[in-house]
Amino acid sequence: MARSRSERAAVILAGGDGTRLSAFTREMFGEEIPKQFCRFRSEYTLLEQTWRRGLLIDPAHKITVLTASHARFFVPLLEGIRNEQVVVQSVNRGTAPAILYSLTRLKRMAPDCSVALFPSDHFVDDDREFMRHVEAAFRAVDARPEKIVLLGVEPTRADPQYGWIELGEFLTNECEPVRQIRRFWEKPPLPIAHRLMGTGCLWNSFVIVARLSTFLGLFLIAIPELWGAFRSVERVLGTPSEESRLFRLYENIGPSSFSDEVLAKCPHNLAVLQVNGVEWDDLGDPTRLIKFLGRSPGHARGSNSLVAAVL
């Protein structure tokens, strides 16, 4: 029997403040700019590159989450994007509220969809090949809708500043080569990073695919108070009352991390799909970004002064 194909949707996370790179961007651009709005080795900002990467997903089902204090950076980029495709937080409270706000909006637009979460500070050298793996993750959650599938990247070095994924057994899904996650290693010491690389562990890309209902169910289990807060404002989304109600909501919640406070509490739901044949980097770390820029002759000239500025 043919397996049904869910609608595809995307949430692009672009609300972070980029504090680790503030000295770097001040030195490079003359002011502190959140990294997702910077142009590194490209005519496009990292956010625009993420939008382009997700072109295979219907734009009507793509939501970008931003933070109001960054308006002067993101407003010029929003031409052609409809209001309902943008979620603007009054203040950055971390990844958990940003994701849940976006999912709550998506629930009104495409309640039966599957969703891919995309951070907006990544470098990918081959968008088409990377998105081929994202589509494979979508097919995997069509086959196993109870699972949340993370994309794990084949490492090129023993980087202790990355999160690592230790692989478990293959899942039976008659579809994609997806494996259970045995353990997360968050920023391990360098000797352990070498061991993890030698035993076939993967970098955690934080690109994550699941059914919308599965994501929302995890929030209900892991952070029921936050789930209840956003549940209470569902009916005002898309109305003139949304801005004021969400302002009050954000004033009354604390910061929370999706990785630490949602995923870590539900390990049995997690699986990983390995990404091969793609050069990938998370550019949120100053040292890593400097190395990335050093590959480009046009940016390498000032690398020594930038190192001094941020290290």
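These numbers come from a predicted model, not from an experiment.

A. Fine view of the pattern of salt bridges. By the definition in use, this model includes 18 salt bridges. Of the charged contacts in the structure, one is a salt bridge between R8 and D142, with a shortest N-O distance of 2.9 Å. A residue pair is termed long-range when its members are at least 10 positions apart, and R8 in strand 1 (residues 8–13) and D142 in helix 5 (residues 127–143) qualify at 134 residues. Here the two residues R8 and D142 agree in accessibility, since each one is buried. Connected via shared salt-bridge partners are R5, R8, E135 and D142.

B. How the structure looks around the confidence of the model for the chain. Residues with a pLDDT of 70 or more make up 93% of the chain, whose mean pLDDT is 89. Segment residues 296–311 is flagged for pLDDT under 50; beyond a separation of four residues in sequence, or across chains, it makes 20 contacts in the model.

C. Seen up close, the layout of surface pockets. In this structure, the largest pocket spans a volume of roughly 1,200 Å³. Around the largest pocket, the lining comprises 41 residues; the ones closest to its centre are R20, T95, F206, S259 and D282. Broken down by secondary-structure element, the contributors of at least two residues to the lining of the largest pocket are helix 4 (95–109), strand 8 (178–186), strand 9 (202–211), helix 10 (258–261) and strand 11 (280–282). Among the elements that make up the lining of the largest pocket, the one with the highest residue count is strand 9 (three residues). Here the lining of the largest pocket is built from residues that sort into 12 nonpolar, 19 polar and 10 charged. What lines the second largest pocket is a set of 21 residues, among which V86, V88, Y101, E242 and E243 lie closest to the centre.

D. Here's a closer look at the packing of aromatic side chains. Going through the model one piece at a time under the given rule, you end up with 15 aromatic pairs. Centre to centre, the rings of F24 and F40 are 6.2 Å apart; their planes meet at 70°, and the pair counts as edge-to-face. Pair noted here: F24 is in helix 1 (residues 22–29) and F40 is in the loop between helix 1 and helix 2 (46–53), with a separation of 16 residues, a long-range link. F40 carries the same exposure label as F24, and that label is buried. Ring geometry for F37 versus F74: centroids 6.4 Å apart, planes at 40°, classification tilted. One end of the pair, F37, is in the loop between helix 1 and helix 2; the other, F74, is in helix 3 (residues 71–74), with 37 residues separating them in the sequence. Just as F37 is buried, F74 falls in that class too. One aromatic cluster is present, built from ring pairs that chain together Y162, W164, W203 and W280. Taking NZ or CZ as reference, R52 lies 4.3 Å from the ring centre of Y44, over its face.

E. Fine view of the side chain of T214. Mapped onto the elements of the fold, T214 is located in helix 7 (residues 212–222). For T214, a relative accessible area of 12% translates into the label buried. Beyond its immediate stretch of four places on either side in the chain, T214 contacts P145, E146, K147 and I148.

F. Layout of the side chain of K35. Within the fold, K35 resides in the loop between helix 1 and helix 2. Setting aside anything within four residues of it in sequence, one finds K35 in contact with G18, L21, F40, L46, D121, L283 and G284.

G. Expanded view of the packing of helix 4 against helix 8 (residues 224–231). Relative orientation of the contacting elements helix 4 and helix 8 amounts to 40°, with a least axis distance of 10 Å. Judged by the inter-axis angle, helix 4 sits oblique to helix 8. Helix 8 is crossed by helix 4, and the crossing has right-handed handedness. Between helix 4, through A96, P97, L100, Y101, T104 and K107, and helix 8, the contact on the second element is made entirely by L226, W227, F230 and R231. Of the residues assigned to the contact of helix 4 with helix 8, the class counts are seven nonpolar, one polar and two charged.

The rules behind each value
Residues numbered from 1 in each chain as written. Predicted model: local features only at pLDDT ≥ 70, side-chain atom pairs only at ≥ 80, totals over all residues. Heavy atoms only, no water. Salt bridge = Lys/Arg side-chain N within 4 Å of Asp/Glu carboxyl O. Helix = DSSP H or I, 4+ residues; strand = E, 2+ residues; numbered from the N terminus. Buried < 20%, exposed > 50% of the residue type's maximum accessible area, 1.4 Å probe, protein only. pLDDT = per-residue confidence, 0-100. Contact = heavy atoms within 4.5 Å. 1 Å grid on protein atoms, 1.4 Å probe; cavity = no way out; pocket = protein on both sides within 12 Å on 5 of 7 lines; lining within 4 Å. Points joined across faces, edges and corners; volume = space filled by probe spheres on them. Nonpolar A, V, L, I, M, F, W, Y, C, P; charged D, E, K, R; others polar. Phe/Tyr/Trp six-rings, centres within 6.5 Å; stacked < 30°, edge-to-face > 60°. Lys NZ or Arg CZ within 6 Å of the ring centre and 35° of its normal. Axes fitted to C-alpha atoms, helices over the stretch in contact; angles between N-to-C directions. Parallel < 35°, antiparallel > 145°, perpendicular 65-115°, else oblique. Left-handed = near helix turned anticlockwise from the far one by under 90°.

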